[in-house]
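Listed below, chain by chain, are the residues.
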Amino acid sequence: MELERDGDVPLYEQLERTLRDAIRHGRLHASTRLPSSRGLAAELGISRGVVTSAYDQLAAEGYLETRQGAHVRVARGVRAQPPRPPTPSLLGKFAYDFTPGLPDLAGFPRDRWLRSIRSAWRETALDAVGYGDPRGVPELREALADYLARARGAAADPEHLLVCTGFRQGLSLTCRWLRANGIEQVALEDPGWHAQRLIVEEAGLIVAPIAVDEDGINVDALKSSGAEAVVVTPAHQFPTGVVLSARRRAALIEWAERGDRLIIEDDYDAELSRERVGALQGLAPDRVLYIGSASKRLTPGMRLGWMLPPSWLSWALISAKAIEDAGSEIAGQLALADFIARGELERHLRRMRLRYAQRREVLLAALARELPDWQPSADRGGLHLTVVLPDHTDEAALLTAAARRGVGVEGLSLHSYTGDCPPGLVLGHACLAEPAIERGVQLLASAVSAMPASRALAVDRRSRGGCGES
Ligand SMILES: Cc1ncc(COP(=O)(O)O)c(C=O)c1O
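Residues numbered from 1 in each chain as written. Predicted model: local features only at pLDDT ≥ 70, side-chain atom pairs only at ≥ 80, totals over all residues.

Draft legend 1. Unusual backbone geometry, seen in detail. Residues Asp190 and Pro191 are joined by a peptide bond in cis, for which omega reads 5 degrees. Of note, Pro191 is situated in the loop between β5 (185–190) and α7 (194–202). The omega angle of the peptide bond from Phe238 to Pro239 is 5 degrees, so this bond is cis rather than trans. Position of Pro239 relative to the elements: it lies in the loop between β8 (229–232) and α9 (246–258). If you check the backbone angles, Arg303 has positive phi at about 50 degrees while not being a glycine. Tracing the backbone through its elements, the reader meets Arg303 in the loop between α10 (294–297) and β11 (305–308). Among the residues examined, Arg303 registers 17 C-beta atoms within 10 Å and is labelled partly exposed. (Helix = DSSP H or I, 4+ residues; strand = E, 2+ residues; numbered from the N terminus. Buried ≥ 20, exposed ≤ 12 C-beta atoms within 10 Å, placed from the backbone.)

Draft legend 2. Layout of the nonpolar core. Counting residues in hydrophobic clusters, the biggest one holds 72 residues, and the most contacted among them are Val186, Ala187, Val230, Ile263, Ile264, Tyr290 and Met307. Non-local contacts of Tyr290, meaning those with residues more than four positions away in its chain, are made with Ala154, Glu265, Asp267, Ala279, Gln281, Met307 and Leu308. By size, the runner-up hydrophobic cluster in this structure holds 34 residues, among which are Tyr356, Leu425, Val426 and Ala430. (Core = buried A, V, L, I, M, F, W, Y, C linked by C-beta atoms within 7 Å. Contact = placed C-beta atoms within 7 Å.)

Draft legend 3. Local environment of the sheet that holds β8. Strand order in the open sheet formed by 8 strands is β4-β11-β10-β9-β8-β5-β6-β7, and the pairing between neighbours is mixed. Each of the sheet's edge strands pairs with one partner strand only, and the pair in question is β4 (162–164) and β7 (216–217). The strands that helix α11 (residues 311–325) touches are β4, β10 (288–293) and β11; relative to β4, the one it contacts most, it runs at about 35 degrees. (Pairing = 2+ DSSP bridges. Axes fitted to C-alpha atoms, helices over the stretch in contact; angles between N-to-C directions.)

Draft legend 4. Molecular detail of helix α6 (residues 166–180). Counted at 1.5 Å a residue, the expected span for α6 with its 15 residues is 21 Å, and the 22 Å between its end C-alpha atoms agrees. Here α6 lies mainly inside the structure; 11 of its 15 residues are buried. All of the buried residues along α6 are Gly166, Phe167, Gln169, Gly170, Leu171, Ser172, Leu173, Thr174, Cys175, Trp177 and Leu178. Of the residues one or two after α6, Gly182 is the one with positive phi, at around 85 degrees. (Expected span 1.5 Å × (residues − 1).)

Draft legend 5. Expanded view of the pairing of β8. By the alternation rule, side chains of β8 split into Ala229 and Val231 and Val230 and Val232, which are all buried. Pairing between β5 and β8: 3 bridges, direction parallel. The residue bridging Val186 from the neighbouring strand is Ala229, located in β8. Looking at chain direction, β8 and strand β9 (residues 262–267) are connected through 4 bridges and run parallel.

Purely spatial values, then, with no claim about function.
Written as structure tokens, this is what we have:
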């Protein structure tokens, strides 16, 4: 038994832990006799009081039996629990992971964030870190309102702004409110982010899938769907990348205004695109509920998002948030307020926009070289690229073949409600360095050539003088 005499952990606690672990892991069996407190103290060169206090604590927890005049023993009823292997992650691991959703995690400015965390804690009043305003800390609501007005053209009032745990919680609270208020159907873009569908259905609502074309969501189809609310990604449709055209924006707002309906705007990555269109919410703050998130702009593990609800809806959502979790975690909120006030958020976004654009160029060039039959989407930015595959491609088989080669990709069909979409892939390129993108695409090409139908296609291409065989 080794005790650290100059360490931070008191000796009685070290002794307690050592004995507890030995009993739990079966090194000390039930009924084993332990040395007397005097004997053990002498052996370890520590005071007897340290040993008795450790013995008393372990007896109180049920690990030891201590009776007046009797030897201290390991309790009869204790059963050893073999040490558990570390809990495996639920997420798959790929050497070349194109699964969309992640920003560049290595690009997250840890030092600057740490400075914001430190200064937030240093400068914050004591009572600010108790149960706070369920809307979020005032510093962050002010900073975000200012930022969203400036960067996204949103109509942002800090009084009505609500900080939430990412887009998911924002949509989930809203869907529960819709359901409680007699709404049965919510329209979603098809294809559209699959998690939106899960959240809407979890709230007991029916999904009305609405097709998306090169101008964004089809508003005529929306009109005839009977839905009373719709979720859209107008600045950069997920996954197709199209921007909602000016005409469709106007038609969408008219649809909402005519029937007192609700538009939920998922503004997940607008600042990271090179096509800058303002938030829809700025045009119709009374009909559009805006939801933004730190997930793509900074990092998803932060679990921070923000909502700008129409004023008539804000108190209902604030009270739902208060009931659900009494407000989001405070330290991150204070740090983000400081981060925005220092101009760090905008600096970071500028840096990342350039980096993602470069990675996108590398991905496009590698695809053109290795897989010239694939059709990448024409959008100009963001963290992912959608590619349409040749008609005959078996999307599921390609995902399996890619995974076997250590390449993680997501099928377009995952994001289609009706299944009415061509075979395709959604390739996230933000979190892969350029050489990994190139190697990953080579491996994808080799996965394609290993598939029977594609092999035929590759031969055909070669005979036409095409390229793309790896
Ligand atoms: C379309 C879309 N909206 C929103 C989000 C962010 O969700 P959250 O803020 O809950 O992390 C994502 C993340 O992948 C997304 O793809």
